[in-house]
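Spelled out from the first residue to the last, the chains are:
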Amino acid sequence: MNDELEHLLEHHGIRPTAVRILVYRAIHHRSEAFSLADVENWLPEMDRSSIFRALKLFTEHQLLHEIDDGSGIFKYCVCRCE
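Residues numbered from 1 in each chain as written. Predicted model: local features only at pLDDT ≥ 70, side-chain atom pairs only at ≥ 80, totals over all residues. Heavy atoms only, no water.

A. Spotlight on the packing of aromatic side chains. Under the definition given, this model contains 3 aromatic pairs. Through successive ring pairs, a cluster of aromatic residues spans Phe-34, Trp-42 and Tyr-76. Residue placement shows Arg-30 over the ring face of Trp-42; its charged tip is 3.6 Å from the ring centre. Geometry around Phe-74 places Lys-56 over its ring, the cationic atom sitting 5.9 Å from the centre. (Phe/Tyr/Trp six-rings, centres within 6.5 Å; stacked < 30°, edge-to-face > 60°. Lys NZ or Arg CZ within 6 Å of the ring centre and 35° of its normal.)

Written out as structure tokens, the structure is:
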């Protein structure tokens, strides 16, 4: 599983660090939109800023869509286009 995730991240120009792999492993199979707080709940051992930086990086490299639902809280959705 890690090898597949590492390859996917590298394919999108992202260096596969341990934090990035853990975050992407937690989100890649989600079919519904999720927030930073959701990911924090799924990964309670990881600090908020590390999760946020990973989500932003995944968004910049087209692995995630960022959604502004008007509430002031951004949500994310995994891109399914390959």
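B. Quick peek at the packing of helix 2 (residues 18–27) against helix 4 (residues 48–60). Contact geometry for helix 2 and helix 4: axes closest at 10 Å, N-to-C directions at 75°. When the axes of helix 2 and helix 4 are compared, the pair comes out roughly perpendicular. Residue-level contacts link Val-19, Arg-20, Val-23, Tyr-24 and Ile-27 of helix 2 to Ser-50, Ile-51, Ala-54, Leu-55, Leu-57 and Phe-58 of helix 4. (Axes fitted to C-alpha atoms, helices over the stretch in contact; angles between N-to-C directions. Helix = DSSP H or I, 4+ residues; strand = E, 2+ residues; numbered from the N terminus. Parallel < 35°, antiparallel > 145°, perpendicular 65-115°, else oblique. Contact = heavy atoms within 4.5 Å.)

C. Spatial organisation of the pattern of salt bridges. Per the counting criterion, the structure on display carries 2 salt bridges. We note a salt bridge from Glu-40 to Arg-48, for which the minimum N-O separation is 2.5 Å. Its relative accessible area of 46% is what places Arg-48 among the partly exposed residues. (Salt bridge = Lys/Arg side-chain N within 4 Å of Asp/Glu carboxyl O. Buried < 20%, exposed > 50% of the residue type's maximum accessible area, 1.4 Å probe, protein only.)

D. Representation of the sheet that holds strand 1 (residues 34–35). Strand order in this open sheet of 3 strands is 1-3-2, and the pairing throughout is antiparallel. Edge positions in the sheet fall to strand 1 and strand 2 (64–68), since each of these pairs with one other strand and no more. (Pairing = 2+ DSSP bridges.)

E. Inspection of unusual backbone geometry at higher detail. The phi torsion at Gln-62 lies on the positive side, around 60°, for a residue other than glycine. Turning to its location among the elements, Gln-62 is positioned in the loop between helix 4 and strand 2.

F. How the structure looks around the nonpolar core. Among the nonpolar cores identified, the biggest contains 23 residues, and Val-23, Tyr-24, Ile-27, Leu-55 and Phe-58 are the most heavily contacted of them. Mapped onto this core, the elements with two or more residues apiece are helix 1 (2–11), helix 2, helix 3 (36–42), helix 4 and strand 3 (74–78). Non-local contacts of Ile-27, meaning those with residues more than four positions away in its chain, are made with Phe-34, Val-39, Trp-42, Leu-55, Phe-58, Leu-64 and Val-78. (Core = buried A, V, L, I, M, F, W, Y, C linked by side-chain atoms within 4.5 Å.)

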